[in-house]
Amino acid sequence: MIVVSGIQPTGKPHLGNYLGAIRNYVKLQDEAHANGGQCLIFLADLHALSMPHDPADLHASTLEMVATLVACGLDPAKCVLFNQAQVPQHAELQWLLTGTARMGWLNRMTQWKDKAGKNREGQSVALFTYPVLQAADVLIYQATHVPVGEDQKQHLELARDIAQKFNNDFANEDAPVFTLPEPYIPEEAARIMSLRDGSRKMSKSEPSDMSRINLTDDADTMAQKIKKAKTDPEPLPSEVAGLAERPEALNLVSIYAALAETTPDAVLAEFGGEGFGKFKPAMADLCVAKLGPIRDRFVELKEDREALDAILARGALQARELATPTLDSAYQALGLVRGRPA
Ligand code: TRP
C-alpha cells in the first residue's frame, strides 16, 4: 500500500478541508504505517504556478498548511510530509511524461475547461499541463492509493493513461516502469457545504467568512457562525430521507455526523423532532470540542518556523530517496544518456 496525495497550499484551511480530505489522510497514514506500507502527503506548491499568484502569499500559506496538516494529526514519524519544490524529481518526471501525454487528452480535462473558460489563449502553459505534473506526483512513487475528491478523479484516470502508454511504448511487458494508481474516494468523505448556501461547497474563495468554519476560529466565532447558519423553520426529521429538499439542514446534520464519527441517521435518531434552537448549540459544542485542540496545536506550530522547516526538510530528504529509482528507470527506458554513476 503506497498512499500518495497532494494538497494545494492556498488560503486558510477550513472545516471542509479537514472533513473532506485531511482527516482521511490521517486514517490512511495510520493504515499504511501499520501494514508496512508508505504514505506520502505533499503540498502542491509547484501547481500554484498555474494560476496568477503572489509569491509572499504562496510562501506563507505553504508553511501554514504544513502546520495545519500536523495539527490535524499527520505525523512526520509515520508519513512523508513535504513540499514539491524541495523534491525536483517531480518536475523532472513531468517533463519526461509530456512526451507521452497527448494534447487531446489534456484538452478534455474539465478542470482545464472550467478554469480557462473562453480565454484559453491567455492561460499559462502550466494550467494546461497541470495534470501531467499531477501524474508525475503519483507515478514517481509507484502509488497504489491516491485519496482525492470526486473532482480529481479525471486527473487520476489521466495518470493511469499516461502510465499505461509509457509502459506500452517504452518498457518490457514483464518490467513496467510505472504502477497504475487507483483513485481512493472514501464514501464517507464528507462533502461539506457553505453555511450560507447548501448548494455550494464550503470554500475559502467564498467572500463571506460566515460561510465557513476556519480551523483557526476561536470557540465564540465557531458558535456564532453556527448560530447564524442558514436553516429552515421545520423541525428535524427522524430519517435522512426527510432532508432531501432541505440542503442547509442536511449540511448541518452531515457536519455533525462527520465530527461525531457517526451517520446522519444516527444523528437524526437523537435530534429528530427537535428544532434548530436545540440542534445548533449542540453542534457548536461538538465543533469546539473536536476542533479546539487542532486549533491550539496549529497556533503554536505556526509560529515555530524552525520546526516547520525541519519537518519539510526531513520529508523532502525521504521523498527524494523514494523518487530516485523510478525516475532513473524512466530516463533509461527513454534512452536518455546520463553517464555512469562514479
Ligand atoms: N490537483 C489536486 C487538487 O487540486 C492536488 C494535487 C496535486 C494532487 N498533485 C496531486 C492530488 C497528486 C493527488 C495526487 O486537489
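Residues numbered from 1 in each chain as written. Predicted model: local features only at pLDDT ≥ 70, side-chain atom pairs only at ≥ 80, totals over all residues. Heavy atoms only, no water.

### Let's talk about the layout of surface pockets
Link 1 in the chain: Within this model, the second largest pocket holds a volume of roughly 220 Å³.
Link 2 in the chain: What lines the second largest pocket is simply Asp 45, Leu 46, Leu 49, Leu 58, His 59, Thr 62, Leu 63, Asn 83, Ala 85, Gln 86, Asp 309 and Leu 312.
Link 3 in the chain: Among the secondary structure elements, those contributing two or more residues to the lining of the second largest pocket are helix 2 (55–71) and helix 12 (305–333).
Link 4 in the chain: Examining the composition of the lining of the second largest pocket, we find that four residues originate from one element, helix 2, more than from any other.
Link 5 in the chain: The class makeup of the residues in the lining of the second largest pocket is six nonpolar, four polar and two charged. (1 Å grid on protein atoms, 1.4 Å probe; cavity = no way out; pocket = protein on both sides within 12 Å on 5 of 7 lines; lining within 4 Å. Points joined across faces, edges and corners; volume = space filled by probe spheres on them. Helix = DSSP H or I, 4+ residues; strand = E, 2+ residues; numbered from the N terminus. Nonpolar A, V, L, I, M, F, W, Y, C, P; charged D, E, K, R; others polar.)

### A short note on the domain arrangement of the protein chain
Link 1 in the chain: Annotation of the protein chain at the domain level lists domain 1 (2–190 + 305–334) and domain 2 (209–301).
Link 2 in the chain: A straight line from the C-alpha centre of domain 1 to that of domain 2 covers 31 Å.
Link 3 in the chain: Contact residues are listed per partner, giving 16 residues for domain 1 and 14 residues for domain 2.
Link 4 in the chain: Taken together, both faces of the contact between domain 1 and domain 2 bury some 1400 Å²; the carbon and sulfur share is 73%.
Link 5 in the chain: On the domain 1 side of the contact with domain 2, Leu 15, Arg 23 and Ala 71 bury the most area, a combined 36% of that side's loss.
Link 6 in the chain: Here domain 1 is connected to domain 2 by zero salt bridges. (Domains from an automatic or database assignment. Contact = heavy atoms within 4.5 Å. Buried area = accessible area lost by both parts, 1.4 Å probe. Salt bridge = Lys/Arg side-chain N within 4 Å of Asp/Glu carboxyl O.)

### So, the site of the ligand
Link 1 in the chain: Lining the immediate surroundings of the ligand are 13 residues, of which His 47, Tyr 130, Gln 134, Asp 137 and Gln 152 lie closest.
Link 2 in the chain: Here a nitrogen atom of the ligand and a side-chain polar atom of Gln 152 are 3.0 Å apart.
Link 3 in the chain: Bound to the protein, the ligand loses 89% of the 370 Å² it would expose on its own.
Link 4 in the chain: Listing elements by their share of the shell around the ligand, those giving two or more residues are strand 1 (2–7) and helix 6 (125–139).
Link 5 in the chain: The leading source of residues in the shell around the ligand is helix 6, at four residues.
Link 6 in the chain: Considering only residue class, the shell around the ligand consists of six nonpolar, six polar and one charged. (Near = heavy atom within 4 Å. Polar contact = N/O pair within 3.5 Å; in protein donor to acceptor, adjacent residues only side chain to side chain. Areas by Shrake-Rupley, 256 points an atom, 1.4 Å probe, with all protein chains shown as cover.)

### A word on the packing of helix 6 against helix 7 (residues 153–170)
Link 1 in the chain: Helix 7 packs onto helix 6 with a crossing angle of 70 degrees between their chain directions and a minimal axis gap of 9 Å. Viewed along their axes, helix 6 and helix 7 adopt a mutual orientation that is roughly perpendicular. Residues Tyr 130, Pro 131, Gln 134, Ala 135, Val 138 and Leu 139 of helix 6 pack against His 155, Leu 156, Leu 158, Ala 159, Ile 162 and Ala 163 of helix 7. (Axes fitted to C-alpha atoms, helices over the stretch in contact; angles between N-to-C directions. Parallel < 35°, antiparallel > 145°, perpendicular 65-115°, else oblique.)

### Focus on helix 8 (residues 219–228)
Link 1 in the chain: Within helix 8, the full set of buried residues consists of Met 222, Lys 225 and Ile 226. End-on, the buried residues of helix 8 take up no more than an arc of 95 degrees, which puts them together on one face. Among the exposed residues of helix 8, those oriented more than 90 degrees off its buried face are Asp 220 and Lys 227.
Link 2 in the chain: Considering only its buried residues, helix 8 is in contact with helix 11 (276–302). (Buried < 20%, exposed > 50% of the residue type's maximum accessible area, 1.4 Å probe, protein only. Arc of directions from axis to C-beta.)

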